[in-house]
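One letter stands for each residue in the lines below.
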Amino acid sequence: MILKKKVIGLIIFLLVSQTYVSQAQLYRISLLTCDPGDELYMAFGHSAIRVLDNIKGTDYVFNYGTFNFNTPNFYGKFAGGRLDYMLSVSTYADFVATYTREQRSIREQVLDLSLEQEKYMVEFLYVNYLPERRYYRYDFFFDNCATRIRDAMDMVLGDKLVWNDEGPDKSEKTFRNLIDEYVLNMPWADLGIDLALGAVIDRDATAQEEQFLPDYMEKAFARASIVGDGPTRPMVKESHVILDFPKQNAAMPSLNPYWLFWLVAVVFTVITYVGFKRKRLFIGFDVALFSILGILGIVIFLLWFATEHSATQWNWNILWAFPGHVILAFALLRKKLKPWVRHYLLAALILADAAVVFWILGFQSFHPSLIPILLVVILRTNYLYYNVDKYKAISA
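## Quick notes on the pairing of strand E2 (residues 46-53)
Next, step 1: Across the eight residues of E2, eight count as buried, placing the element largely inside the fold.
Next, step 2: One ladder, built from eight bridges, connects strand E1 (residues 27-34) with E2; its direction is antiparallel. Bridged to Ser30 within E2 is Arg50.
Next, step 3: Linking E2 back to strand E3 (residues 59-66) in an antiparallel pair, the connection comprises five residues, with Gly57 at a positive phi of about 80 degrees.

In structure tokens, the structure reads:
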């Protein structure tokens, strides 16, 4: 009888133990951080959530960074800031295979969540994968593949999540500084970004706002703690390298805006000097210059006022690349100039000078390669303003 009770007790103990182990290891939830790639759309890295179900044997990756190229009017919606991204789900094997082909490293941080928190996170992900909930309006800085995961953690853990961000080593970086870290060796892309994005990104990003970049979110997860449901513990209990490819230090391309724009400045300086000596304007150069600047100004204007992009507002590049310069270019082609042309040239000179002042005072950071272009605009508007009436007749 005693032996029978011991056997029954042992069986009960084993069953309870097995149930506890199964519950404790029901899910394995981790953050996947992927290194940047060679193309611009890969330049900032990527984040995803891995959910390994130990009971069902499934291993899925939840990815907020996907979009459909077959979306009607895809490029128009992308340019207008009206393109919806979506949460997609793939197998872990397929996810790793994709990054293996792209030669991009993947690191994994396993999260130390309680059973209830794991269940909440999995339920949250599956509910958000429903067809009516999986789509969201993408915003590069404030609503992307990384920030969606950060916000999910805030929702699941609530006040039990402590990010531990305010350390003595917290750096003060603007959103533009953060982007520059990733496109430093992609000067044309860097120039395009600085031309398109306005002064709204020239403020310091908070520690949580920095998490729009996957690398920064990975570091934030490593610092974070979970409190209030037992002993305080790090949110990340294990870290692993899944794929490890050597980082290639991309060289600055030989054809870049830095030396090319200085070459343009030298050319305009020479023609201005020669024109002054010969009493000529060489107006064809100005027609080309102001046509290009005017078209660029129209693009900046449309990005500011005709799109839903939050980061393209208050773009003071419009001071020197002004849409009205297109009209000036056509006016300079006429044999007889209208009286307003000299007034416009003075206004364009003042606007270009204002752009320099805005840059110096920190209202907006312009791309460094634009220094010679600003000098050219100031030089030519000043030269034309004082000489267009005198030299126009012999320069046509």
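## Some words on the layout of surface pockets
Next, step 1: The volume enclosed by the second largest pocket comes to roughly 790 Å³.
Next, step 2: If you tally residues by element for the lining of the second largest pocket, the top one is helix H6 (residues 175-183), at three residues.
Next, step 3: Here the lining of the second largest pocket is composed, by residue class, of nine nonpolar, six polar and eight charged.

## Topic: the sheet that holds strand E9 (residues 233-234)
The strands making up a sheet associate through backbone hydrogen bonding, with each pair oriented either parallel or antiparallel.
Next, step 1: Strand order in the open sheet formed by three strands is E7-E8-E9, with antiparallel pairing between adjacent strands. Sheet topology places strand E7 (161-162) and E9 at the edges, where each strand pairs with a single neighbour.
Next, step 2: Relative to strand E8 (residues 225-226), E7 runs antiparallel, the two being bridged by two bridges. Directly across from Val162, in E8, lies its bridge partner Ser225.

## Observations regarding the side chain of Arg50
Next, step 1: One can find Arg50 in strand E2.
Next, step 2: Looking at Arg50, its side chain comes within polar contact range of the side chain of Glu108, at 2.9 Å.
Next, step 3: Excluding its chain neighbours within four sequence positions, the residues that come into contact with Arg50 are Arg28, Ile29, Ser30, Leu32, Asp59, Tyr60, Val61, Tyr92 and Glu108.

## Let's talk about the packing of H6 against helix H7 (residues 187-196)
Next, step 1: With their axes 9 Å apart at the nearest point, H6 and H7 run at an angle of 160 degrees to one another. When the axes of H6 and H7 are compared, the pair comes out roughly antiparallel. For the element pair H6 and H7, the recorded crossing hand is right-handed. Side by side, H6 and H7 meet where Arg176, Ile179, Asp180 and Val183 of the first sit next to Pro187, Asp190, Ile193 and Asp194 of the second.
Next, step 2: Of the residues assigned to the contact of H6 with H7, the class counts are four nonpolar, no polar and four charged.

## Considering the packing of helix H11 (residues 325-332) against helix H12 (residues 340-361)
Next, step 1: Between H11 and H12, whose axes approach to 11 Å, the crossing angle comes to 140 degrees. Between H11 and H12, the angle falls in the class oblique. Considering the relative orientation of H11 and H12, their crossing is left-handed. For the pair H11 and H12, the contacting residues are His325, Ile327, Leu328, Ala331 and Leu332 in the first and Trp340, Val341, Tyr344, Leu345 and Ala348 in the second.
Next, step 2: A breakdown of the residues in the contact of H11 with H12 according to their chemical character gives nine nonpolar, one polar and no charged.

## A short note on H12
Next, step 1: End to end, H12 covers 31 Å across 22 residues, agreeing with the expected 32 Å (1.5 Å per residue, within 8%).
Next, step 2: Looking only at H12, the buried set comprises Val341, Tyr344, Leu345, Ala348, Leu349, Ala352, Ala355 and Phe358.
Next, step 3: Where H12 ends, the next residue or the one after it, Gly362, has phi of about 85 degrees, a positive value.

Conventions we followed
Positions within a chain are numbered from 1, following the residues in the order the chain's sequence is written. Side-chain atom pairs in this predicted model are given and counted only at pLDDT of 80 or more, local residue features only at pLDDT of at least 70, and totals for whole chains, interfaces and linings cover all residues. Hydrogens are left out, water is left out, and the side-chain values use all remaining heavy atoms of the structure. Only protein chains enter the accessibility calculation, which uses a 1.4 Å probe. A residue is then buried if its area is under 20% of the maximum for its type, exposed if over 50%, and partly exposed in between. What counts as a helix is a DSSP run of H or I of at least four residues, what counts as a strand is a run of E of at least two, and both are numbered from the N terminus. Pairing between two strands requires that DSSP report at least two bridges joining them. Cavity and pocket criteria rest on a 1 Å grid covering protein atoms alone: a 1.4 Å probe that fits but cannot get out defines a cavity, protein on both sides within 12 Å along at least 5 of 7 lines defines an open pocket, and an atom within 4 Å of a point defines a lining residue. Grid points are joined across faces, edges and corners, and a volume is the space filled by probe spheres set on the points. Amino acid classes used here: Ala, Val, Leu, Ile, Met, Phe, Trp, Tyr, Cys and Pro are nonpolar; Asp, Glu, Lys and Arg are charged; the rest, including Gly, are polar. Contacts described as polar in this section are N or O atom pairs within 3.5 Å, which, within protein, must combine one atom able to donate a hydrogen with one able to accept it, while residues neighboring in sequence count only if both atoms come from side chains. Contacts: residue pairs with any heavy atoms within 4.5 Å of one another. Orientation is described by axes fitted as lines to C-alpha atoms, over the contacting stretch for helices, and by angles from 0 to 180 degrees between their N-to-C directions. In this scheme, roughly parallel covers angles under 35 degrees and roughly antiparallel covers those over 145, while 65 to 115 is roughly perpendicular and the rest are oblique. With the far helix as reference, a near helix turned anticlockwise by less than a right angle produces a left-handed crossing, and one turned clockwise produces a right-handed crossing. By definition here, a helix of n residues has an expected span of 1.5 Å times n minus one.

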